[in-house]
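# Examination of the molecular architecture
So the chains spell out like this:
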Amino acid sequence: HQRMAEWPQALKVLESAMALPGVKGGPGAGKGKGGKPVALDQRAAIYLNLAKVHAELEHTPEATKIIQDARAEFQGSTVSSQIIIVDAEISLKRGDVQSALVLLKSVSRGDPYYLKARVATASIHLNHRNNKKLYIRAYEDLVDAEKPTISTVCMLADAYMRLQEPEKAVEQLQRAELMEEKAIKDGLISSGPSELAGKIGKAKVLMHKFTDAIEYYKKAVTKQPKHVWLSLALADLHMKLGRFPDAISVIDAALDQLKTQEGLEMLTSRSKLILLQAQVHKRAGAVDQYTKSLLSARDNHTTILARVRGEAAEMVKQQRKVAANICQELARHLEDTKKYDEALKLYQEALRHDERHADAMMSLARLHMDREELDEARKQCTALLLHDLEHETATMMLADIMFRSNDFDEAIRYFAQLLELKPNNYRALEQLILLVRRAGRLVEKDRAGKLGEAPRFLRLAEKASPRAELEAGFHYCKGLYARYSRNFHEALSELNQARKDPEWGSKAIRHMIDIYLDPDSLPPVTTILPASGPEPEPVRMARQLRSELVSEKPVKIALLAAYELLLSVNKVSVEGSLVKFTEVLTTDPNNVSALLGSSYALVLLKQDAKARNHLKRISKMQYNSEEAEELEKSYLLLADIYVQSNKNDLAQELCRKCLTHNKSCVKAWEIQGLIYEKEASFADAAQVYEMAWKFDNQRSPAVGFKLAFNYLKAKRFLDAINICHIVLAVQPDYPKIKKEILDKARAAIRP
């Protein structure tokens, strides 16, 4: 019960133990039932544990009384110092630091509990008084004894490491190493496994002496080839330094060494080596080898699970968790490579190993959602929330499932309830903004003049905390809302205030780059590209921001660099972007972003047939929420190509597919309007352009012009005039609108 922090239950058990014959002092002390003796250390343990439990339950008077009774009962015995240490712990619990130090000081050198008392003293100096000098002094006292031990010297080294003084730690560790070698030579200890080599290597790494650390690890591995943790440390260091072939070489040698060994320890060591091997291949970009290593780790762990069957429950549970983690990682990799069916089976396998594996549950739920298997997704989210009521991602995904089930009001209400309780929950606010955008409700005010959900909760967050204006999450959410409201200048300003934040910065930068590198700003397909030209300002800004994405995957950085060339809009740069997109597709043929970028480049280079083939491939892929933006743009570009070749039905189908996932998509409404306009269905065209104008937040003069034109053709002259005035207020010199629409509409309403 104490180990599980179940204090009330522990109290009941210990009080029952205290009531047993022979435990308490007085007549009969030390004599149990039938006159059998009760060991002194057993009696003392009951007193001390009871005092500790009372202290944990904040029963200070009871804890103090039991300790006083124990000191009186066991005075002068072998356990008296142990009682003093517990008394000090209880004093510390009630905030009396000075009394705790005085008590610990009373334990004299030579006492069996002297070491424990000095360690407790050191901890108080560091954690309660922040006195680093006295913290180290406590450990130096142990080492300055007449006969310092390897253990006490290592404790001093650990203390130096805790204070970030690796140089002094190395001195002590090397001293301990010499002591160990002498003790082995004198036959005082056996030459078994030692952790000293690993500690010295780690300290050298902290000192940034990487070459020294590598050389030290190499010597240690040569000296102790059977000690796998040394090979793991050396290979891990090679990997972190980008020396991937060296890391693989060390791992292969260690795996060869294990072939001569048998048993469970060998299998677990093998698992650790193979998993590290997988990470090295992953960092090196060797996708096939990464997959092979993970499959090998999975097979090896299947053998381990068979071996531990019948062992202690804790060991079995631990190994099952490792197996679940392997399946989860392998499934995630297969999902990234678009092998969704195989990924789904592996997520399920992970949950068979560990039914509470949160990452596997969420990944499986997301995969079911992408496959439109909403009931299965709901089951996973509900199961996770049974174990963790406050799991934010599961809560948000459950709301998303409601949205996918066309229960928009319920989904938005779900987030609204979260934000009413905690207005500064910026993750929930971010999800609400994304949700209302997809639901087609991202408006400043509704028709009744009431504030929309997103602006209302942004204001609520601002009012709820006086520090909101200083919080990166708040500025990120404001920037997100401004971006999707087509107010790009304000979006950049707000996101810029979040871009240095460790939590929100990376996402803020990505949104800023997306604004600067917006493919909608590409010229019409009929444009003849110049041979070369200067780098546009938005591209220059995007390139600067890209350099700040230090934790982004290399493939994503490469794609951003390719889009920069694409948006430079000259023949040389567009051809250069096509080369870069092709390089990505060589290693990842189903990369949606690369296929989309290639398609844009091919359209600009007048190679529509090749572009169409790429886009058709994307349209047949399973929809997934992580690539939603790229998939949406792909559907729209293909729809645009179909409209130009008069394949209006196919274009309409793609627009509807796009609007299923994002009802606020301006371009989808605009393409549908163009189709109706070409068919001379001006009333229908006007109705669809109204939606495009609404979701564009009345900011695009081009959309406004099309809406006004179709109002004119549908004989809605007053509406046409109103739209013309709005467009001219945004851009007074917008071509043709005054002469071709405004003047004609005015003439039509004159008697």
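Residues numbered from 1 in each chain as written. Predicted model: local features only at pLDDT ≥ 70, side-chain atom pairs only at ≥ 80, totals over all residues. Heavy atoms only, no water.

In total, this model carries one cavity of 30 Å³ or more according to the counting rule given. Its volume calculated, the largest cavity comes out at about 40 Å³. Surrounding the largest cavity, R298, H301, T302, L305, A323, I326, C327, E349 and H353 form its lining. Those elements that place two or more of their residues in the lining of the largest cavity are α15 (287-308), α16 (313-336) and α17 (340-353). No other element matches α15, which puts four residues into the lining of the largest cavity. Taken together, the residues of the lining of the largest cavity sort by class into four nonpolar, three polar and two charged. (1 Å grid on protein atoms, 1.4 Å probe; cavity = no way out; pocket = protein on both sides within 12 Å on 5 of 7 lines; lining within 4 Å. Points joined across faces, edges and corners; volume = space filled by probe spheres on them. Helix = DSSP H or I, 4+ residues; strand = E, 2+ residues; numbered from the N terminus. Nonpolar A, V, L, I, M, F, W, Y, C, P; charged D, E, K, R; others polar.)

This next bit is on a nonpolar patch on the surface. A surface patch of nonpolar side chains, amounting to about 270 Å² of accessible area, comprises I184, L188 and I189. Structurally, the position occupied by I189 is in the loop between α9 (166-185) and α10 (196-206). Among the residues examined, I189 registers a relative accessible area of 36% and is labelled partly exposed. (Patch = residues over 30% accessible without salt bridge, like charges linked within 9 Å, V, L, I, M, F, W, Y side chains within 5 Å. Areas by Shrake-Rupley, 256 points an atom, 1.4 Å probe, with all protein chains shown as cover. Salt bridge = Lys/Arg side-chain N within 4 Å of Asp/Glu carboxyl O. Buried < 20%, exposed > 50% of the residue type's maximum accessible area, 1.4 Å probe, protein only.)

Let us look at unusual backbone geometry. The phi angle at K338 is positive, at roughly 70°, despite the residue not being glycine. When you line up the elements, K338 lands in the loop between α16 and α17. At R486, a residue that is not glycine, the phi angle is positive and equals roughly 70°. Topologically, R486 is positioned in the loop between α24 (472-484) and α25 (488-496). The partly exposed category is assigned to R486, whose relative accessible area is 28%.

Before going further, it helps to examine the layout of surface pockets. Each pocket or cavity is described by its volume, and for the second largest pocket that value is around 1,500 Å³. Lining the second largest pocket are 48 residues; nearest its centre among them are D518, P519, D520, S521 and K667. Secondary structure elements with two or more residues in the lining of the second largest pocket: α24, α26 (505-516), α30 (592-604), α32 (628-644), α34 (666-678), α35 (682-695) and α36 (701-713). Of the residues forming the lining of the second largest pocket, the biggest block, eight residues, is contributed by α32. Across the lining of the second largest pocket, the residue classes break down as 23 nonpolar, eight polar and 17 charged.

A word on the packing of aromatic side chains. Under the defined criterion, the tally for this structure stands at six aromatic pairs. Taking the centre distance of 5.0 Å and the plane angle of 75° together, the rings of Y563 and F581 count as edge-to-face. With Y563 in helix α28 (residues 554-567) and F581 in helix α29 (residues 571-587), the pair connects residues that are 18 residues apart, well separated along the chain. Residue classification places Y563 among the buried positions, given a relative accessible area of 9%. Judged by its relative accessible area of 0%, F581 falls in the buried class. Against the face of W504 rests R427, its NZ or CZ located 5.4 Å from the ring centre. The side chain of R437 reaches across the aromatic face of Y484, ending 3.9 Å from its centre. (Phe/Tyr/Trp six-rings, centres within 6.5 Å; stacked < 30°, edge-to-face > 60°. Lys NZ or Arg CZ within 6 Å of the ring centre and 35° of its normal.)

This part takes up α15. Taking 1.5 Å as the rise per residue, α15 with 22 residues should run 32 Å; its terminal C-alpha atoms sit 32 Å apart, in good agreement. Every buried residue belonging to α15 is among Y290, T291, S293, L294, A297, N300, H301, I304, L305 and V308, and all of these are buried. Of the residues trailing α15, G310 is marked for its positive phi of about 95°. (Expected span 1.5 Å × (residues − 1).)

A few words now on the packing of helix α2 (residues 40-56) against helix α4 (residues 80-93). Where α2 meets α4, the closest approach of the two axes is 10 Å, and the angle between their N-to-C directions is 5°. The pairing of α2 with α4 is recorded here as roughly parallel in orientation. Facing L48, A51, K52, A55 and E56 of α2, the residues of α4 in contact are Q82, I83, V86, E89, I90 and K93. Here the residues of the contact of α2 with α4 are counted per class, giving six nonpolar, one polar and four charged. (Axes fitted to C-alpha atoms, helices over the stretch in contact; angles between N-to-C directions. Parallel < 35°, antiparallel > 145°, perpendicular 65-115°, else oblique. Contact = heavy atoms within 4.5 Å.)

A word on the pattern of salt bridges. Overall, the coordinates contain 41 salt bridges when judged by the stated rule. A salt bridge links K338 to E627; its shortest N-O distance comes to 3.4 Å. On the criterion of sequence distance, the pair formed by K338 in the loop between α16 and α17 and E627 in the loop between α31 (608-619) and α32 is long-range, its members being 289 residues apart. Judged by its relative accessible area of 17%, E627 is buried. A salt bridge links R546 to E564, with the nearest nitrogen and oxygen atoms 2.7 Å apart. One end of the pair, R546, is in helix α27 (residues 537-546); the other, E564, is in helix α28, with 18 residues separating them in the sequence. Classification of E564 by relative accessible area gives buried; the value is 5%. Here the salt bridges share partners, and the residues they tie into one network are R332, E335, D336, R366 and E626.

Further remarks concern the nonpolar core. In terms of nonpolar packing, the biggest core is built from 121 residues, with L429 and L566 touching the most fellow members. Residues in contact with L566, not counting those within four places in the same chain, are L522, S573, V574, S577, G597, Y600, A601 and L604. Residues M155, L196, A220 and L232 belong to the second largest nonpolar core, which totals 68 residues. (Core = buried A, V, L, I, M, F, W, Y, C linked by side-chain atoms within 4.5 Å.)

Bear in mind that shape data such as this cannot, by itself, settle questions of function.
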